[in-house]
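Observations on the model geometry
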Amino acid sequence: MAAKYNVKLQYAAWIAVVTLGTVVVMTVVHFYREVSAREDATRARAELTAAGVARAVASAMASNNVSALPALVAGSVNDDEVLYLRILKRDGAVVYRPWRDREPQGVLLVNVPVVTGGTAGTNQFGTVQLGIAKTAMTRGLMQTVLMDLAVGALLVTVFVGASFFVSAPVSNALQELQRFVKRVAAGESRGEQLDSDLSEVDEGSKELNALVARVEDARARLDRAQKELKAAQKEMDEYTYVISHDLKEPLRGIEAFSKFLADGYRAKLDEDGRHHIDVIRQSALRMQRLISDLLKFSRLSQQKNPLSAVGLNSMLMHVRVNLQYALDAKKVDLRVDKLPTVVCDATAMTEVFHNLISNAVKYNDKPRPVVEVGYTERTNPQTKQGEYEFFVRDNGQGIKKEYFEKIFQLFQRLQRDEEGTGIGLTIVKRVVEWHGGRIWLESEEGKGTTFYFTLPKRETSKTGTIVDLPPEDSPKGGARLAPAV
């Protein structure tokens, strides 16, 4: 998480850094310029002293009077910082070297020729080598640096102090904006215009007011839409009532009278007549089932039960009881893993397992049908929350890949059997998605089909609130199948 800073501290920190950096750069530049200036001054002093020595010894060098050199040099050199002095002939031989002379280390060395002038021209008789100690160049530099740093520290203190004064309007304006936002959140600032020291903050408050107005307008539209939706739902309830009552009533009459004809007059009808009567009965019964399933589908979203903790193995015992006749008729080997307890709508989830297992039994063409129900625990790749992934697997005839999405659509059937209405898998998909899960399938023709669906991991707190659970480190379940039901 990024660190949070106070506006005044940010101003002070940035100004301190910039000022200190400027002072350091200026001190370094000043230091090098001062060193260069002192070096030039020391060199000029050395050359001036060496020139004086060259003039003093010029006549002695011209007459080769070497014995006179010490007195002449002593009379012309009065600088105690001269640590090196030699007088050389034209051939480089040393003719004078004072007793306190040392090697030219740590000194600034200059060379000045010894010349005499006359009518015939200028003659060079030798060279004066003179060195002044370099300490003369650096003396006082540390004081200059310390002075510069002291001035820099004073500037930093002044500018940092000024930053608190400069940042005060920004800080105050932000505090006003914060208080304004709190009033907006509490609904206490309808139409209020913020008047601060910063125009940017005032513009932000205007945008916030405009946003609040848009939110209130959207909320009003949402309220109207909800009222219209409730009215539409009421009309749908009336519509479904018409389907369940007015349409089923004549169908029951058709089915009853066709049964009466089939039972009482079958012997008096020829083969075509008996066939027509049977078709009428089957069509009426199918229409009744279709209306019942459509009614169930239309009311599914309005008849949600509260979510509660449900043991799925106990639920599947009831599913097996309801499907016992179909299981025994086809001699189906139903294998159920030890399933978890999940938070769900028990009635709707029973419908999910009932439809999936019923389809696995109904469309199984193998001599030894096998239906497996199991699960694994995993992490949802989008939400990063824990979830259960259930599967219902059969070894039946399989489904072509182009029908994987189509079979979840309303009234879609792959086979025109007399029992199915094409609504079961649509209900399954709707229920799974209402629970926050996903559903898909994998299938291979001739080898069977596996339906997968997920449910978020939730638990019921002591207050009855449904809470999503985080993912666990290791998957559980699905390792082996046990005949639990």
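This one's a predicted model, so the numbers in the text were calculated from it and none came from an experiment.

1. Side note on the sheet that holds strand β10 (residues 439–444)
If you trace the five strands from one edge of the open sheet to the other, you get β6-β8-β9-β11-β10, paired in mixed fashion. Taken across any chain shown, the strands that pair with only one partner, and hence form the sheet edges, are β6 (333–336) and β10. Pairs of neighbouring strands in the sheet enclose a mean axial angle of 20°, with direction left out of account. Here strand β8 (residues 370–379) runs beside strand β9 (residues 386–394); their pairing, made up of nine bridges, is antiparallel. If you follow Thr-379 over to β9, its bridge partner there is Gly-386.

2. Considerations on the pairing of β6
Residues Leu-334 and Val-336 line the buried face of β6, whereas the alternating positions Asp-333 and Arg-335 sit on a face that is not buried. When β6 meets β8, the two strands line up parallel, connected through four bridges. Directly across from Leu-334, in β8, lies its bridge partner Val-371.

3. Let's talk about the nonpolar core
Counting 42 residues, the largest nonpolar core has Met-349, Phe-353, Ile-357, Val-373, Phe-390 and Phe-453 as the members making the most contacts within it. Residue contributions to this core peak at eight residues, all from helix α9 (residues 346–362). Counting residues in each nonpolar core, the second largest holds 23 residues, with Val-53, Met-61, Val-82 and Leu-130 among its members.

4. A look at the pattern of salt bridges
One side chain can pair with another of opposite charge once the charged atoms of both are near each other. This structure, assessed with the given rule, holds 15 salt bridges. Salt-bridge contacts for Glu-387 lead to Arg-438; the nearest nitrogen and oxygen are separated by 3.2 Å. Taken together, the residues Glu-387 in strand β9 and Arg-438 in the loop between α10 (424–434) and β10 connect sequence positions 51 residues apart. With a relative accessible area of 2%, Glu-387 lands in the buried category. Each of Asp-333, Arg-335, Glu-372 and Arg-393 takes part in one network of salt bridges that share partners.

5. A closer look at the packing of α9 against α10
At a closest axis distance of 9 Å, the pairing of α9 and α10 adopts a crossing angle of 140°. The orientation of α9 relative to α10 falls into the category oblique. Crossing handedness for the pair α9 and α10: left-handed. For the pair α9 and α10, the contacting residues are Ala-348, Met-349, Glu-351, Val-352, Asn-355, Leu-356 and Asn-359 in the first and Gly-424, Leu-425, Ile-427, Val-428, Val-431 and Val-432 in the second. Looking at the contact of α9 with α10 residue by residue, the class counts come to nine nonpolar, three polar and one charged.

6. Quick notes on a nonpolar patch on the surface
Together, Met-147, Val-151, Leu-154, Leu-155, Val-158 and Phe-159 give the surface a local cluster of nonpolar side chains, amounting to about 560 Å² of exposed area. If you trace the backbone, Val-158 turns up in helix α4 (residues 141–185).

7. So, the environment of Glu-405
Note that Glu-405 resides in the loop between β9 and α10. A relative accessible area of 61% places Glu-405 in the exposed class. On a C-alpha basis, the gap between Glu-405 and Leu-441 in space is 9.0 Å, while along the polypeptide they are 36 residues apart.

8. Topic: the side chain of Asn-364
Mapped onto the elements of the fold, Asn-364 is located in the loop between α9 and β8. Within polar-contact distance, the side chain of Asn-364 engages the backbone nitrogen of Lys-366 at 3.0 Å. Engagement of the side chain of Asn-364 in a polar contact is seen with the side chain of Asn-395, the distance being 2.9 Å. Look past the residues within four positions of Asn-364 in its chain and what remains in contact with it is Lys-330, Pro-369, Val-370, Asp-394, Asn-395 and Gly-396.

9. Digging into the packing of aromatic side chains
According to the stated counting rule, one finds eight aromatic pairs in the structure shown. Between Phe-353 and Phe-390, the aromatic rings sit 6.1 Å apart at their centres with planes inclined by 85°, giving edge-to-face as the arrangement. Within this pair, whereas Phe-353 is found in helix α9, its partner Phe-390 is found in strand β9, the two being separated by 37 residues in sequence. On the basis of relative accessibility, which here comes to 1%, the residue Phe-353 falls in the buried class. Residue classification places Phe-390 among the buried residues on the basis of a relative accessible area of 0%. Plain terms: the ring middles of Phe-353 and Phe-453 are 5.5 Å apart, the flat faces sit at 70° to each other, and that makes the pair edge-to-face. Taken together, the residues span a long stretch of sequence, with Phe-353 in helix α9 and Phe-453 in strand β11 (residues 448–456) at a distance of 100 residues. For the pair formed by Phe-353 and Phe-453, the shared burial category is buried. By the ring-pair criterion, three or more aromatic residues cluster together here, those being Phe-353, Tyr-375, Tyr-388, Phe-390 and Phe-453.

10. Some remarks on the confidence of the model for the chain
Predicted confidence across the chain gives a mean pLDDT of 78, with 78% of residues reaching 70 or more. pLDDT under 50 marks residues 472–485. Its contacts with residues more than four places away, or in other chains, come to 29 contacts.

11. Focus on the packing of helix α7 (residues 312–322) against α9
Interhelical geometry of α7 versus α9 gives an angle of 55° and a closest axis separation of 10 Å. Taken together, the axes of α7 and α9 are oblique relative to one another. Of the two elements, α7 crosses α9, and the hand of that crossing is right-handed. The residues of α9 that touch α7, namely those facing Leu-312, Met-315, Leu-316, Val-319 and Asn-322, are Ala-346, Met-349, Thr-350, Phe-353, His-354 and Ile-357. Taken together, the residues of the contact of α7 with α9 break down into eight nonpolar, three polar and no charged.

Cut-offs used in this document
- The numbers attached to residues start from 1 for each chain and follow its sequence in the written order.
- Restriction of local features to residues with pLDDT of at least 70 applies here, the model being predicted, together with a cutoff of 80 or more for giving and counting side-chain atom pairs; totals for whole chains, interfaces and linings are based on all residues.
- Think of the side-chain values as coming from all heavy atoms in the structure, minus any hydrogens and water.
- Only strands that DSSP links by at least two bridges are regarded as paired with each other.
- Secondary structure counts use DSSP, requiring at least four H or I residues in a row for a helix and at least two E residues in a row for a strand, with both numbered from the N terminus.
- Throughout, an axis means a line fitted to C-alpha atoms (over the contacting stretch in the case of helices), and angles, computed between N-to-C directions, take values from 0 to 180 degrees.
- Each residue is placed in one exposure class: buried if its accessible area under a 1.4 Å probe, protein chains only, is under 20% of its type's maximum, exposed if it is over 50%, and partly exposed if it falls in between.
- Buried Ala, Val, Leu, Ile, Met, Phe, Trp, Tyr and Cys residues that are joined via side-chain atoms within 4.5 Å together make up what is termed a nonpolar core.
- Whenever Lys or Arg places a side-chain nitrogen within 4 Å of a carboxyl oxygen from Asp or Glu, that contact is recorded as a salt bridge.
- Roughly parallel means an angle under 35 degrees; roughly antiparallel, over 145; roughly perpendicular, 65 to 115; everything else is oblique.
- For any pair of crossing helices, the crossing counts as left-handed if the nearer helix is rotated counterclockwise from the farther one by less than a right angle, and right-handed if it is rotated clockwise.
- A contact between two residues is defined here by any heavy atoms of the two lying within 4.5 Å.
- Classification used: nonpolar for Ala, Val, Leu, Ile, Met, Phe, Trp, Tyr, Cys and Pro, charged for Asp, Glu, Lys and Arg, polar for all others including Gly.
- Patch membership requires more than 30% relative accessible area and the absence of a salt bridge. Residues of like charge join within 9 Å; the nonpolar side chains Val, Leu, Ile, Met, Phe, Trp and Tyr join within 5 Å.
- Throughout, the Shrake-Rupley method with a 1.4 Å probe supplies accessible areas, and for residues the shown protein chains are the sole cover considered.
- Polar contacts, as used here, are pairs of N or O atoms within 3.5 Å; protein pairs need one atom able to donate a hydrogen and one able to accept it. Residues neighboring in sequence count only if both atoms are side-chain atoms.
- Any two rings among Phe, Tyr and Trp, with Trp reduced to its six-membered ring, count as a pair given centres within 6.5 Å; such a pair is stacked if its planes are under 30 degrees apart, edge-to-face if over 60, and tilted if neither.
- What pLDDT reports is the predictor's confidence in each residue, on a scale of 0 through 100.

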